[in-house]
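# Report on the structure
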Amino acid sequence: MSIFQHQLKQSIVWRGFYFITLLLVNISLSRFLKADGVGIIFYLANFYSLLVLVLSFNMDGSFTYFSSSKKIHHNNLALVAVLWTLIISILTYFFLPFYFSNFDKEIAITYLVNKYGFYYIVGILLINYFTALFYSLGNFFLPNLILGISNLLLIVLIYFNHQSFHNSNAIVNNYFLFIILQGLILAATFFITQKNINNLVLPTSSQFKQLIKYSAIGLTGNIIFFFVYRIDYWFVKEWCTSVGDLGNYIQASKLSQMLLILPQILASSIFPQIARGSEQKEVVKTIFKLFRLFLIFYILLFIILFITGFKLFPFVFGNSFSTMYLPILILLPGIFCLSISTLLSAYFSGINKNKYNVYAALFALMVMLILTFVVKNKYSIQIAAIISSIAYLCEFFYCITRFLQFEKITFKELFNFSKSDFMWRKV
């Protein structure tokens, strides 16, 4: 078995474990807080995620690239991660009270948004940075074990709070508190498990310039990608006024985007492998096989959810999520496109061609904005899903066209199904 195949399987198993626990957290919050309550929590997390995206400066992507390619030692990058997070935590502490007291007063009255935002931003920064460093070393087991077990503990605590106190505020507080605890534990574990940690030094000035340059290009693409994936949340909150619309749509979007977990897991193996410059032909063949497997999977999933989804979603998440059925079905074709684009994005990042990720994201965002404002007066959660799927399709066609040009392969070859596609040992 090649190194790439071994890491691919490790990534799928352990990241899969973590994301399953993440889904269970989502279900627990949804059942106990209902659509209106969890809708606000997801909305806040969406805003905090935007701040994380900007403030992180895409350092996690840079850490993966420079550590995997051995251009900067991973211990030196870990020191950068700690110092950068410390600076951002100070900025966040002063920025959040200013923002919510001036621009979002309604939410600030009900929720302890400053504290929750601080927990979320600092925690996610640490999680992103140190999982990236673990992955660059080929270690998918330890970070995902830590994150998965802590999620299971959180679920137990959520259930205990609900059964014993029926206290929704305690549930929300524990959810955000666990995020920063996860980040701190992950960072501490990285330093404990590394050798030569006493010789920590910052990267040289020339290395730091390379780090910033790579991060800046990646950051531009990530910000645009963020809006491609989530700008519809703001439109739904503003223009869809029916009770539960926001919670149902965000839940539908989050649930459909959880299907990107496997592509993201695979991409986390593809990126460092391409960056190292090894086994590129095998990686390209794997991308082609995954395209065919994902196509079959999404067709079958659409049929299953078309038949069962109307009753399945209220059963799993609660009766307040009865209108998420159609948006999920509409989003599925677009999510298939995003699944392939995720793999191709890792490919472009690995060959240091991040600019193509930026172009693809910008194209999709323009399509989404234009279509949204054309149908503004008839906007609904179903229309929001249609527009998102179309935008994701446009992004996919740009990425796949560029990829085929680089590899000198025809589009027709993507559909050359064979028995080996279904044999895991050959993936």
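Please refer to the structure placed before this passage.
A few points on the structure. Quick caveat, the model's predicted, so the values are computed rather than measured. (Residues numbered from 1 in each chain as written. Predicted model: local features only at pLDDT ≥ 70, side-chain atom pairs only at ≥ 80, totals over all residues. Heavy atoms only, no water.)

A separate point is the overall build of the chain. What the chain contains, in helices and strands, is 14 helices and 0 strands. For the chain, the N- to C-terminal ordering of α and β elements is α-α-α-α-α-α-α-α-α-α-α-α-α-α. Looking at the chain as a whole, 56% of its 427 residues are labelled buried. When contacts within the chain are restricted to residue pairs at least 6 apart in sequence, long-range pairs at least 24 apart make up 84% of them. Element-wise, carbon and sulfur atoms account for 67% of the exposed surface of the chain, whose accessible area totals about 19,200 Å². (Helix = DSSP H or I, 4+ residues; strand = E, 2+ residues; numbered from the N terminus. Buried < 20%, exposed > 50% of the residue type's maximum accessible area, 1.4 Å probe, protein only. Contact = heavy atoms within 4.5 Å. Areas by Shrake-Rupley, 256 points an atom, 1.4 Å probe, with all protein chains shown as cover.)

Here helix α9 (residues 245-257) crosses helix α14 (residues 381-407) at 30 degrees, and the two axes come no closer than 10 Å. Judged by the angle between their axes, α9 and α14 are roughly parallel. The two elements α9 and α14 cross, and the hand of that crossing is right-handed. Packed against α9, whose contacting residues are D245, Y249 and Q257, the element α14 presents I381, A384, A385, S388 and Y392 at the interface. Taken together, the residues that form the contact of α9 with α14 break down as 5 nonpolar, 2 polar and 1 charged. (Axes fitted to C-alpha atoms, helices over the stretch in contact; angles between N-to-C directions. Parallel < 35°, antiparallel > 145°, perpendicular 65-115°, else oblique. Left-handed = near helix turned anticlockwise from the far one by under 90°. Nonpolar A, V, L, I, M, F, W, Y, C, P; charged D, E, K, R; others polar.)

Looking now at α14. The end-to-end C-alpha separation of α14 is 39 Å, in line with the 39 Å expected for 27 residues at 1.5 Å each. Count one or two residues on from α14 and you reach K408, which has phi positive near 55 degrees. (Expected span 1.5 Å × (residues − 1).)

Right, let's get into the nonpolar core. By size, the foremost hydrophobic cluster in this structure holds 137 residues, and its most contacted members are Y48, F63, F130, F176, Y392 and F403. Sequence-distant contacts of Y48, that is, excluding residues within four places in its chain, are made with L96, F100, V113, Y116, G117, Y120, I121 and F176. (Core = buried A, V, L, I, M, F, W, Y, C linked by side-chain atoms within 4.5 Å.)

Here we take up the packing of helix α8 (residues 205-239) against α9. The geometry of α8 relative to α9 is characterised by a closest axis approach of 9 Å and an angle of 170 degrees between their N-to-C directions. Judged by the angle between their axes, α8 and α9 are roughly antiparallel. Packed against α8, whose contacting residues are Y229, D232, Y233, V236 and K237, the element α9 presents D245, L246, Y249, I250, S253, K254 and Q257 at the interface. Each residue belonging to the contact of α8 with α9 can be placed in one class, and the counts come to 6 nonpolar, 2 polar and 4 charged.

So, about the side chain of S150. Residue placement: S150 occurs in helix α6 (residues 141-165). The class of S150 is buried, set by a relative accessible area of 11%. Look past the residues within four positions of S150 in its chain and what remains in contact with it is F178 and Q182.

Let us now look at the packing of aromatic side chains. To describe a pair of aromatic rings, you give the distance between the ring centres and the angle between the ring planes. Tallied over the full model, the rule gives 46 aromatic pairs. Both rings, one in F348 and one in Y356, keep their centres 5.7 Å apart while their planes meet at 50 degrees; by these two values the pair is tilted. Each of the two residues, F348 as well as Y356, counts as buried. (Phe/Tyr/Trp six-rings, centres within 6.5 Å; stacked < 30°, edge-to-face > 60°.)

Inspection of the secondary structure puts S68 in helix α2 (residues 59-68). Assessed through its relative accessible area of 2%, S68 is described here as buried.

Looking at the secondary structure, you find T342 in helix α12 (residues 325-350). Apart from residues lying up to four places away in sequence, T342 is in contact with L260, P263, Q264 and A267.

For F57, which is not glycine, the phi torsion reads 60 degrees and is therefore positive. Mapped onto the fold, F57 is located in the loop between α1 (3-56) and α2.

Next up on the list: α9. Helical geometry: 3.6 residues make up each α-helical turn, so side chains three or four residues apart lie on a common side. With 13 residues, α9 should cover 18 Å at 1.5 Å per step; its first-to-last C-alpha distance of 18 Å lies within 8% of that length. Counting buried positions over the 13 residues of α9 gives 12, a clear majority of the element. Those residues of α9 that sit buried are D245, L246, G247, N248, Y249, I250, Q251, A252, S253, L255, S256 and Q257.

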